[in-house]
Amino acid sequence: MFYVRFALHLYTKFSNMAIELSQLVRDNIQKLKPYSCARNEFKGEASVFLDANENPMNAPYNRYPDPLQEELKGKIAKIKHIRPSQIMLGVGSDEPIDLIIRIFCEPKENNIVAIDPTYNMYKVCADINNVEYRPVLLNDDFSLDAERLLAAVDEQTKVIFLCSPNNPTANVLNHNEVRNVLNSFGGITVIDEAYIDFSSQPSWLTELDNFPNLVVMQTFSKAWGLASVRCGMAFASEKIISYLNNVKYPYNINTLTQRFVSEQLDHEERKNKWVEMLLEQRGILAEKLQTIPFVEKIYPSDANFLLVKVPDPEGLYNKLVNDGIIVRKRNNLSLCLGCLRITVGTEEENNILINELKQL
Ligand SMILES: *Cc1c(COP(=O)(O)O)cnc(C)c1O
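Residues numbered from 1 in each chain as written. Predicted model: local features only at pLDDT ≥ 70, side-chain atom pairs only at ≥ 80, totals over all residues. Heavy atoms only, no water.

*Asks:* Sorry, what's going on with the nonpolar core here?
*Replies:* A general trend in soluble globular proteins is that nonpolar side chains are found buried together. Formed by 79 residues in total, the largest nonpolar core has its most connected members in Phe-104 and Leu-162. Broken down by element, this core gets its largest block of residues, six residues, from helix α5 (residues 94-104). Contact partners of Leu-162, with chain neighbours within four places excluded, come to Ile-115, Tyr-122, Leu-144, Leu-149, Leu-173, Val-178, Val-181, Thr-189, Val-190, Ile-191 and Asp-192. Core analysis: the second largest hydrophobic core is formed by 29 residues, Leu-285, Leu-316, Ile-342 and Leu-357 among them. (Core = buried A, V, L, I, M, F, W, Y, C linked by side-chain atoms within 4.5 Å. Buried < 20%, exposed > 50% of the residue type's maximum accessible area, 1.4 Å probe, protein only. Helix = DSSP H or I, 4+ residues; strand = E, 2+ residues; numbered from the N terminus. Contact = heavy atoms within 4.5 Å.)

Written as C-alpha cells, this is what we have:
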C-alpha cells in the first residue's frame, strides 16, 4: 500500500506518491477536539484580562504564554525561509519525535522503519508507545541503501526516521538515496537535521513544498548552544503542523524560553562564528587524532563530533574518565565496533584530550 517498488526506477515521474493524511492519521486524532485555552480564544489588544484565572500580580510571569509562539516562529521563518505555519516548536526535538509517533501510529498495529545505527530516541519513543520499531542496517561505510530500507516497509508502516547528518556515524545521507525514499514511501518521512549547521550539504527544508509528507526536524541544542533551554523545531506542511499543535500540551514552550530564544535569534552571526570555530577545531582534532598510534580510524564528519575506532574502547573510555575527560561509548551499536564518539570542544578542551591520549 505505501511502497510501490517500481517507483524506485521511475521516481521522477512519481513524485506525488504521498498518501493522504486522512489515511495516515489515527482515527482518534482526526476526531480529536483539541483543548481550547483562553489564550487561543481571544487574540488582540485588551487591557483587562479576566479570562484565564491568572493572578493579576507578579507581571509578566503571571500570564500564560502564547501557545503557538507566534513572535518566535516569525523570526525562525525569516531565518529558515519558510512560512510560520510550517513550524511546530517542541520541548527539544524529543517532543515532536514522540508526537509524530502518537499522531500516526496505532499501538501494536502500525510500525516504524529507521536506519541503524542512529539516534536512540526514535526507538525509545516507539517502545513507550508500544509501536513496532524496525531498524535497517546502513551500508558498512554508513551510507544509506534506500532499497534495503524500503524492503522493510509494509502496509503497516506509517513513519520512516532518517537522521542526516546521522548520529553517531557523523555522515550526511546520500541525497539521491534519501530522495528515493521520499519518492517511494507514501507515509511520513522524518529527516532529523539536528547537526545540519555543521554540514557542507544543504538542508531538506527547501523540499517541504515538494513532499507533503516530509517532516524536517532541527534543534537549538547544538549549533545555537542552547541545549539547556529545551527547544526543538519540526517543519512540515500546514496540515501536519496543525495535528502537532492539536496534540502537544497547549503551553509547552514557556514564556522565559520563548523570549530567550527569540533574543538569541537576533545573534545569528554569533551562532555562525561558533560553527566556523567548531568546524576548524574538528579538522585540527581529526588531524591530531590521526597521529595517535592506537587510533585505527576517524570517520569523516559532517557534524560537531568525530566517531573514532580504537582497539579497546571500554579501556580507553575508563582511562579518560579517570583523567576527568568524558567521551561517549558507541561500541555496542550496529556497525560501530570499537567506536567512541568524541564531541568537538574548544581548542583548550581538545588539547587536553590529545595530551592525555599521547601519554597513554
Ligand atoms: C542532539 C540530537 C537532537 C537534539 O535533541 P533535543 O531534544 O532537541 O535536544 C536531535 N536529534 C539528534 C539525532 C541528536 O543527536
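*Asks:* Sorry, what's going on with unusual backbone geometry here?
*Replies:* Glycine aside, residues mostly have negative phi, and peptide bonds are mostly found in the trans state. Geometrically, the link from Asp-116 to Pro-117 is a cis peptide bond, its omega value of 0° lying close to zero. Looking at where Pro-117 falls in the secondary structure, it is placed in the loop between β2 (111-116) and α6 (121-128). Going from Ser-164 to Pro-165, the amide bond is cis rather than trans, its omega being -5°. Note that Pro-165 resides in the loop between β4 (157-163) and α8 (175-184). In this structure, Gln-69 is a non-glycine residue whose phi angle is positive, near 50°. Relative to the helices and strands, Gln-69 resides in the loop between α3 (38-41) and α4 (70-80). Positive phi outside glycine occurs at Leu-335, with the angle close to 65°. Here Leu-335 lies in the loop between β10 (328-329) and β11 (339-343). Of the residues examined, Leu-335 reaches a relative accessible area of 27% and is grouped as partly exposed.

*Asks:* Looking at this structure, how should I read the sheet that holds strand β9 (residues 305-309)?
*Replies:* Strand pairing in a sheet takes place through backbone hydrogen bonds and is either antiparallel or parallel in direction. Here four strands make up an open sheet; going across it, the order is β8-β9-β11-β10 and the pairing antiparallel. At either margin of the open sheet sits one strand with a lone partner, and together these are β8 (297-298) and β10. Direction of pairing for β10 relative to β11: antiparallel, over a ladder of two bridges. The residue bridging Arg-328 from the neighbouring strand is Arg-341, located in β11. (Pairing = 2+ DSSP bridges.)

*Asks:* Would you explain empty space enclosed by the protein in this entry?
*Replies:* Unfilled space is identified by rolling a water-sized probe across the atoms. This structure, assessed with the given rule, holds three cavities of 30 Å³ or more. Taken as a whole, the second largest cavity holds about 60 Å³ of empty space. For the second largest cavity, the full set of lining residues is Leu-289, Phe-294, Val-295, Val-308, Val-310, Leu-316, Leu-320, Leu-340, Ile-342, Leu-353 and Leu-357. If you list the elements that add at least two residues to the lining of the second largest cavity, you get α12 (313-322), β11 and α13 (347-359). (1 Å grid on protein atoms, 1.4 Å probe; cavity = no way out; pocket = protein on both sides within 12 Å on 5 of 7 lines; lining within 4 Å. Points joined across faces, edges and corners; volume = space filled by probe spheres on them.)

*Asks:* Any chance you could explain the packing of α5 against helix α9 (residues 238-247) here in plain terms?
*Replies:* A pair of packed helices is characterised by two quantities: the angle between their axes and the separation of those axes. As a packed pair, α5 and α9 sit with axes 10 Å apart at the nearest point and diverge in direction by 100°. The pairing of α5 with α9 is recorded here as roughly perpendicular in orientation. Along the contact surface, α5 presents Leu-99, Ile-100, Arg-102 and Ile-103, while α9 presents Tyr-243, Leu-244 and Val-247. Grouping the constituent residues of the contact of α5 with α9 by class yields six nonpolar, no polar and one charged. (Axes fitted to C-alpha atoms, helices over the stretch in contact; angles between N-to-C directions. Parallel < 35°, antiparallel > 145°, perpendicular 65-115°, else oblique. Nonpolar A, V, L, I, M, F, W, Y, C, P; charged D, E, K, R; others polar.)

*Asks:* Where do I start with the pairing of β4 in this structure?
*Replies:* A regular strand carries its side chains on alternate faces of the sheet. Where burial is concerned, most of β4 is hidden: seven out of the seven residues are buried. As paired strands, β4 and strand β5 (residues 188-192) are joined by five bridges and run parallel to one another. Along β5, the bridge assignment pairs Phe-161 with Val-190. Remark: the β4/α8/β5 crossover connection has right-handed handedness. (Right-handed = clockwise from strand over helix to strand, strands pointing away.)

*Asks:* For this particular structure, what's the right way to read the layout of surface pockets?
*Replies:* The volume enclosed by the largest pocket comes to roughly 530 Å³. Together, 19 residues line the largest pocket, and Arg-39, Tyr-64, Pro-65, Asp-66 and Gln-258 are the ones closest to its centre. Of all the secondary-structure elements, those providing two or more residues to the lining of the largest pocket are α4 and α10 (255-265). Of the residues forming the lining of the largest pocket, the biggest block, four residues, is contributed by α10. For the lining of the largest pocket, the per-class residue count stands at seven nonpolar, five polar and seven charged.

*Asks:* Would you explain the pairing of strand β1 (residues 87-90) in this entry?
*Replies:* By the alternation rule, side chains of β1 split into Ile-87 and Leu-89 and Met-88 and Gly-90, which are all buried. With four bridges connecting them, β1 and strand β7 (residues 232-235) associate as antiparallel partners. Counterpart to Gly-90 in the pairing with β7 is Gly-232.

*Asks:* Mind showing me how you'd approach the pattern of salt bridges here?
*Replies:* Between side chains of opposite charge, pairing is possible as soon as their charged atoms come close. By the definition in use, this model includes 13 salt bridges. In this structure, Asp-266 and Lys-75 form a salt bridge, with 3.0 Å as the shortest nitrogen-oxygen distance. Taken together, the positions of Asp-266 in the loop between α10 and α11 (268-290) and Lys-75 in helix α4 put the pair 191 residues apart, joining distant regions of the chain. You can call Lys-75 partly exposed: its relative accessible area is 24%. With a closest N to O distance of 3.8 Å, Asp-145 and Arg-148 form a salt bridge. Looking at Asp-145, the relative accessible area reads 26%, which means it is partly exposed. A relative accessible area of 33% places Arg-148 in the partly exposed class. (Salt bridge = Lys/Arg side-chain N within 4 Å of Asp/Glu carboxyl O.)

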